[in-house]
Amino acid sequence: MHLNDWTYALRALRRNPRFTLAAVLTLTLGIGANTAIFSFINTVYLRPLPYPQPDRLITISELAPPGKSKNPVTNASPAAYLGWRANSALFDSVGAWAWDVVTLTGGPWPERVQVQRIAGGYLRVLGIQPLLGRAFLPEEEHDGSCPVLVSSRFWRNWFGGDPAVVGKPVFADGQPCRVVGVMPDGFLPPVSASNRIDVWMPLRLDAARAASRTDHSLMVIARLAPGRTLETAQPVLDAEARQTAESIPALKGWGIRLLPLKEQVTGKPNKALFSLMGAVGFLLLIACLNVATLLTARAAGQRREIAIRAALGAGRARLIAHLLAQSLLLAFLGGVGGLLLAYWSLDAMVALAYNVLPRLNEARIDWRVLAFSAAVSLATGLLFGLAPAFTLSRASLRESINTRGRRILGNAQIAAEIALAFVLLIGAGLLLRSFQTILAVDLGFRTDHVLSANFALPPSHYASPQQYTGFLADVLERVRATPGVLAATVTKGIPMRGSAGGSLEVFGRTDEPGDRLDVAIRCTDAAYLSTLGIALARGRNFEPNDMEGAAPVALVNEKLARQLFPGGNPIGQRIRAASKDNSLPWLTIIGIVRDTRHIGPLREGMLELYVPYQQFRSTTIQPGALIVRTAGNPERLLPALQRAVASVDKDQPLVAVSLLEENLDEFIAPQRFDTTLMTLFAVIGLALAVSGIFGVMSYRVAQRTREFGVRLAVGASGRDLLRMILTEAVGTAVLGLGIGWAAASALTRYLASLLFGVKPGDPLTLIAVSIAALVAVVAAGYWPARRASRLDPIAALRTE
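Attention here is on the structure that accompanies the text.

Thresholds applied
Residues numbered from 1 in each chain as written. Predicted model: local features only at pLDDT ≥ 70, side-chain atom pairs only at ≥ 80, totals over all residues. Heavy atoms only, no water. Helix = DSSP H or I, 4+ residues; strand = E, 2+ residues; numbered from the N terminus. Buried < 20%, exposed > 50% of the residue type's maximum accessible area, 1.4 Å probe, protein only. Contact = heavy atoms within 4.5 Å. 1 Å grid on protein atoms, 1.4 Å probe; cavity = no way out; pocket = protein on both sides within 12 Å on 5 of 7 lines; lining within 4 Å. Points joined across faces, edges and corners; volume = space filled by probe spheres on them. Core = buried A, V, L, I, M, F, W, Y, C linked by side-chain atoms within 4.5 Å. Patch = residues over 30% accessible without salt bridge, like charges linked within 9 Å, V, L, I, M, F, W, Y side chains within 5 Å. Areas by Shrake-Rupley, 256 points an atom, 1.4 Å probe, with all protein chains shown as cover. Salt bridge = Lys/Arg side-chain N within 4 Å of Asp/Glu carboxyl O. Axes fitted to C-alpha atoms, helices over the stretch in contact; angles between N-to-C directions. Parallel < 35°, antiparallel > 145°, perpendicular 65-115°, else oblique. Left-handed = near helix turned anticlockwise from the far one by under 90°. Nonpolar A, V, L, I, M, F, W, Y, C, P; charged D, E, K, R; others polar. Pairing = 2+ DSSP bridges.

**Some points on the side chain of Gln 671**
- Structurally, Gln 671 can be placed in helix H20 (residues 669-703).
- The buried category is assigned to Gln 671, whose relative accessible area is 18%.
- What Gln 671 contacts, discounting residues up to four positions off in sequence, is Phe 435, Ile 438 and Leu 602.

**Here's the deal with empty space enclosed by the protein**
- In total, this model carries 2 cavities of 30 Å³ or more according to the counting rule given.
- Reported here for the second largest cavity is a volume of approximately 30 Å³.
- Around the second largest cavity, the lining residues are Met 697, Arg 700, Val 701, Arg 704, Phe 708, Ile 725 and Glu 728.
- For the lining of the second largest cavity, the secondary structure elements donating two or more residues are H20 and helix H22 (718-747).
- With 3 residues, the single largest contributor to the lining of the second largest cavity is H20.

**Let's talk about the nonpolar core**
- Within the largest apolar cluster, 86 residues are counted, with the highest numbers of intra-cluster contacts made by Ile 37, Phe 40, Leu 330, Leu 357, Phe 384, Phe 673 and Phe 681.
- Setting aside its immediate chain neighbours within four residues, Leu 357 contacts Phe 40, Val 44, Asn 270, Leu 273 and Phe 673.
- Residues Phe 471, Phe 565, Ile 575 and Leu 609 belong to the second largest nonpolar core, which totals 46 residues.

**As for the environment of Phe 422**
- In this fold, Phe 422 is placed in helix H14 (residues 403-440).
- Through-space distance from the C-alpha of Phe 422 to that of Ala 773 is 6.9 Å; in sequence the pair is 351 residues apart.
- For Phe 422, the contacting residues outside a window of four places in its chain are Leu 737, Gly 740, Trp 741, Ala 744, Leu 766, Val 769 and Ser 770.

**Here's the deal with a nonpolar patch on the surface**
- Together, Phe 332, Leu 333, Val 336, Leu 340, Tyr 343 and Trp 344 make up a nonpolar patch on the protein surface, roughly 650 Å² of accessible area in all.
- Mapped onto the elements of the fold, Leu 340 is located in helix H11 (residues 316-352).

**Describing the packing of H22 against helix H23 (residues 763-789)**
- Two elements in contact, H22 and H23, have axes separated by 9 Å at closest approach and are oriented at 150 degrees. The orientation of H22 with respect to H23, classified from their angle, is roughly antiparallel. In this structure, H22 meets H23 at a crossing whose hand is right-handed. Contacts from Gly 718, Leu 721, Leu 722, Ile 725, Leu 726, Ala 729, Val 730, Ala 733, Val 734, Leu 737 and Trp 741 in H22 reach Leu 766, Ser 770, Ala 773, Leu 774, Val 777, Val 778, Gly 781, Tyr 782, Ala 785, Arg 786, Ala 788 and Ser 789 in H23.
- In terms of residue class, the contact of H22 with H23 is built from 18 nonpolar, 4 polar and 1 charged.

**Focus: the sheet that holds strand E21 (residues 654-659)**
- The 4 strands are arranged E12-E20-E11-E21 in an open sheet whose pairing can be described as antiparallel. Pairing within the sheet leaves two strands with one partner each, and these edge strands are strand E12 (485-491) and E21. Direction aside, the axes of adjacent strands within the sheet are offset by 20 degrees on average.
- Across the sheet, helix H15 (residues 465-480) is in contact with strand E11 (450-455), E12 and strand E20 (625-630); its angle to E12 comes to roughly 165 degrees.
- Across the sheet, helix H18 (residues 638-646) touches E11, E12, E20 and E21, and the angle it forms with E21 is around 145 degrees.

**Looking at the pairing of strand E2 (residues 91-105)**
- Judged by how many residues are buried, E2 sits mostly within the fold: 11 of 15 residues are covered.
- Of the strand pairs in this sheet, E2 and strand E9 (residues 219-224) are connected by 6 bridges, and their pairing is antiparallel. In the strand pairing of E9, Ala 96 is matched with Val 220.
- With 10 bridges connecting them, E2 and strand E3 (residues 111-120) associate as antiparallel partners. Its bridge partner being in E3, Asp 100 is matched across the sheet by Val 115.

**Details of unusual backbone geometry**
- In this structure, Asp 173 is a non-glycine residue whose phi angle is positive, near 50 degrees.
- Position of Asp 173 among the secondary structure elements: in the loop between strand E6 (169-172) and strand E7 (175-182).
- Given a relative accessible area of 35%, Asp 173 falls into the partly exposed group.

**Side note on the pattern of salt bridges**
- This structure, assessed with the given rule, holds 26 salt bridges.
- Linking Asp 366 and Arg 368 is a salt bridge whose minimum nitrogen-to-oxygen distance equals 3.7 Å.
- Two residues, Asp 665 and Arg 672, come together in a salt bridge whose shortest N-O distance is 3.5 Å.
- What makes Arg 672 partly exposed here is its relative accessible area of 25%.
- Salt bridges sharing common partners tie together Arg 47, Asp 366 and Arg 368.

What follows is the structure in structure tokens.
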């Protein structure tokens, strides 16, 4: 292309601002949506991990023999980790970690924090240096000191950004510690269960634990030695595992799995994200068809100019280049607009995808996104520009613009837009139906006006279980006396935030340990059911006299009752939580509780056992959370509730405060993310399709003005013309629906794993979307048809 082609294209677009604005806005939507979704794919799957030489980072796990475990991939035992750590021929450095929760005191307020306990060369593996201070020393894994690294966020919030923070004393669950360093801004563990890791402490292994081969509690990360690859390291470790099994028969069949750290971080490909990428691809095709319509309509005014250029000797290639310059310039402007749209919407989309996709804290527009946007813009310009350019550059212009050819092209365009929009609408419709089904699930408990919070200090902070029980009783008394509180309870495990568990034994039965039922154990009080609105099906609830010293009692849910005593009466039966020393008491079942979906609407309810905390003394599941139902907004009562707890123990503020409604929202966030974006893209696609059909119909009516004048002159009525035009449009739309229906039948199977309670071929969704598409076609074609029906025959016959 010559410079003259570009300057002419720029002048031509400036002379037609309405055309230019419509085309650029259409392309901005299509390219912007593609760029935004690609930025997520780029962040999660394409961008290297933010560590030096990330391709050399791996995770190491032990593999249980088939049938030994429900999940064959386990973590690592301390003995295995220490063996890998000593293997300098394979690994440059090896680190291990485990998760913990502690309460830090000694600052402005007690703070319950997520802790990553790290050992070995964990920070060296990742190439991380503290922002302030130093990393842990090797001897600090064994001596009695308690060094602490804090996140930059925690440093600013808790220590006020004090530059002299290094060396400051703090207390972790009452143990004296000192701050030795501050981690870099934004650092998060690559494999994390939370984005709120604020404290790092050494992972200590005593002699007994260091020799353990059965305690698979460590997660291990390593950096391969220079010259080593995952393919060369795996056989060496497999051989070592076989040698170990020969000396330790209990390890026979166990294996080792090496996995690139990036695969561990990203996990399996996210079907929803790639479905959205396909959806925005369809959206871009609709946008291209719309702009092609605009160019075709505009090209009608350029025929004389093209004919003159051809007559003066311009070749076909020269004419195509001249016409294509306008298309590429439009695509460039649309690409710039799309890039800006993606940039401005990125924060909102990241917020919508919170806790849905990994590595979102790294999301940004980088060179890959820029290159993708440029490539899409170029491909788009060629896609919608080549057809009009080839058509207008033909030598025989009269042949190339015959009415029949234009009509076939217009029908094909309408059918294509309807088919593409139909597939988008089907995907959105299925996800909407699925999301509505999720929201309609009966959880078995109420989430409205309920606040939950954890206590800052663990039960072990108190000298005896009786002291902690007394603390809970005093807290409940003062919280229940707070104005605005309708009910309050304490428990272990907040709905949608986890629960304690164990296995059950039934009195008089001799089940093998592997045959015992795994249950969720709710250590709570009599107010738990009323606070959460859980119904009691049979029997009685806990009573005030179900205290320590009285006969131990329990409630079970309906599902557990059916499992333990099918066809029998569970009330009066005796069960107990299994323990190694059989020290836990036998519990008499006094009531049956309705089933709940404690872990959210997407999974069936668990087997549940309820025990009064006054009687059940297992320190592992003592209540550590407060749940309160209020008459109004629970958040407004939070200061009063905190004062009530502090009046019992000033070192026990409420932490991790949340509303059950918020917990539920976070639980279904992935489905909301998928549904919201797919619906948004479907609505935009339908709007673009309607505008495209309107453009095709308007152009067609303008081209057939003389034909309509003849029809009116020989006796046809305006109503006849209206019916004829709409019938043609609907017939073409039906063809598009047929194509779309076939495409949707194949493509929606990909969405099957994302749906809940809805099948990909859901007839209600198919019928509703088909009707909506037909209505959209009729609405888009009505105004051009109405204009044709009101033509003046004389004026129409004079039209050239």
